[in-house]
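Examination of the molecular architecture
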Amino acid sequence: GQNIDQPTEMTATEGAIVQINCTYQTSGFNGLFWYQQHAGEAPTFLSYNVLDGLEEKGRFSSFLSRSKGYSYLLLKELQMKDSASYLCAVTRTTSGTYKYIFGTGTRLKVLA
Amino acid sequence: GAVVSQHPSRVICKSGTSVKIECRSLDFQATTMFWYRQFPKQSLMLMATSNEGSKATYEQGVEKDKFLINHASLTLSTLTVTSAHPEDSSFYICSASRSGQGARGYTFGSGTRLTVV
């Protein structure tokens, strides 16, 4: 089976740094994505990790440890517009097809 | 590039009627498309995998006779919610796979908000 866990909600202050964790258990692992989703909109791509380590992209960084089944998304210099849900998604192959399995999502609220 | 159009963006229908949602890849061919459902404050749940020219593969617990999927061409997949009930009200999102790009080649549509009254 597969299991992907994230904290349900987090609150942080504008200008601060926040780390959103994601733990997973899955077979056929083929990479991990982080998406941002504002209410009523489709998810937008933030990052992709397939190898262990840290991927940095501007204010956002994502880390992966495959042996621990663990990833985190780090958001720096938080802005009010960063208030959104953050979805961790694991990709796995099944019969040659890549599938996304989404985590429960973390609702982040950024306060002034 | 890699644009996926989903239509309609919002639809309200009466209980017992059917609703069709379209997912089109505008600038690439998509041999595989995925359909997701998202209830308020919850994550995306994969409903089915749609393969061009063959039957869709449904996830456990998803009724294939209720959620009809047709992937008749390399750029279009449709999801029809048959005999809709209020509990089918949800946000439906498709994603399309761009051939040869593996897991990174997925693009999401803009979603469809279905309300059954």
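Residues numbered from 1 in each chain as written. Chains lettered and ligands numbered in written order. Predicted model: local features only at pLDDT ≥ 70, side-chain atom pairs only at ≥ 80, totals over all residues. Heavy atoms only, no water.

Turning our eyes to something else, we now look at the sheet that holds strand β8 (residues 76-81) of chain B. Residue and element names in this part refer to chain B. In spatial order, the strands read β1-β3-β8-β7; together these four strands make up an open sheet with antiparallel pairing. Each of the sheet's edge strands pairs with one partner strand only, and the pair in question is β1 (4-7) and β7 (67-73). Within the sheet, the average angular offset between the axes of one strand and its neighbour, ignoring direction, is 15°. Both β1 and strand β3 (residues 19-25) contribute to a ladder of four bridges, which runs antiparallel. Looking across to β3, one finds that V4 is bridged to S25. (Pairing = 2+ DSSP bridges. Helix = DSSP H or I, 4+ residues; strand = E, 2+ residues; numbered from the N terminus. Axes fitted to C-alpha atoms, helices over the stretch in contact; angles between N-to-C directions.)

What follows deals with the interface of chain B and chain A. The interface of chain B with chain A comprises 21 residues on the first partner and 21 residues on the second. At the boundary of chain B with chain A, total buried surface from both sides reaches about 1600 Å², with 61% on carbon and sulfur atoms. Between the two partners, chain B and chain A, sit one salt bridge. In this structure, the salt-bridge partner of K99 of chain A is E59 of chain B, at a minimum N-O distance of 2.6 Å. Taken together, chain B and chain A are joined by four residue pairs in polar contact (both at pLDDT 80 or more). Elements with a minimum of two residues in the side of chain B that touches chain A: β4 (30-38), β5 (45-51), β9 (90-98) and β10 (106-108) of chain B. Grouping the constituent residues of the side of chain B that touches chain A by class yields nine nonpolar, eight polar and four charged. (Contact = heavy atoms within 4.5 Å. Buried area = accessible area lost by both parts, 1.4 Å probe. Salt bridge = Lys/Arg side-chain N within 4 Å of Asp/Glu carboxyl O. Polar contact = N/O pair within 3.5 Å; in protein donor to acceptor, adjacent residues only side chain to side chain. Nonpolar A, V, L, I, M, F, W, Y, C, P; charged D, E, K, R; others polar.)

Moving on, we get to the state of the cysteines. A complete count under the given rule lists two disulfides over all chains for this structure. One disulfide bridge connects C22 of chain A with C88 of chain A, the sulfur atoms lying 2.0 Å from each other. Note on the C22 of chain A and C88 of chain A pair: the S-S dihedral is about -60°, so by sign convention the disulfide is left-handed. Here the residue C22 of chain A occupies a position in strand β3 (residues 18-25), and C88 of chain A occupies one in strand β9 (residues 84-94), the gap between them amounting to 66 residues. Given a relative accessible area of 0%, C22 of chain A falls into the buried group. C88 of chain A gets classed as buried once you look at its relative accessible area, which sits at 0%. One disulfide in the model links C23 of chain B with C94 of chain B; its S-S distance is 2.0 Å. Where C23 of chain B bonds to C94 of chain B through sulfur, the torsion about that S-S bond is close to 80°, and the disulfide is right-handed. Here C23 of chain B is found in strand β3, whereas its partner C94 of chain B is found in strand β9, with 71 residues between them in sequence. Each member of the pair, C23 of chain B as well as C94 of chain B, carries the same accessibility label: buried. (Disulfide = S-S within 2.5 Å. Buried < 20%, exposed > 50% of the residue type's maximum accessible area, 1.4 Å probe, protein only.)

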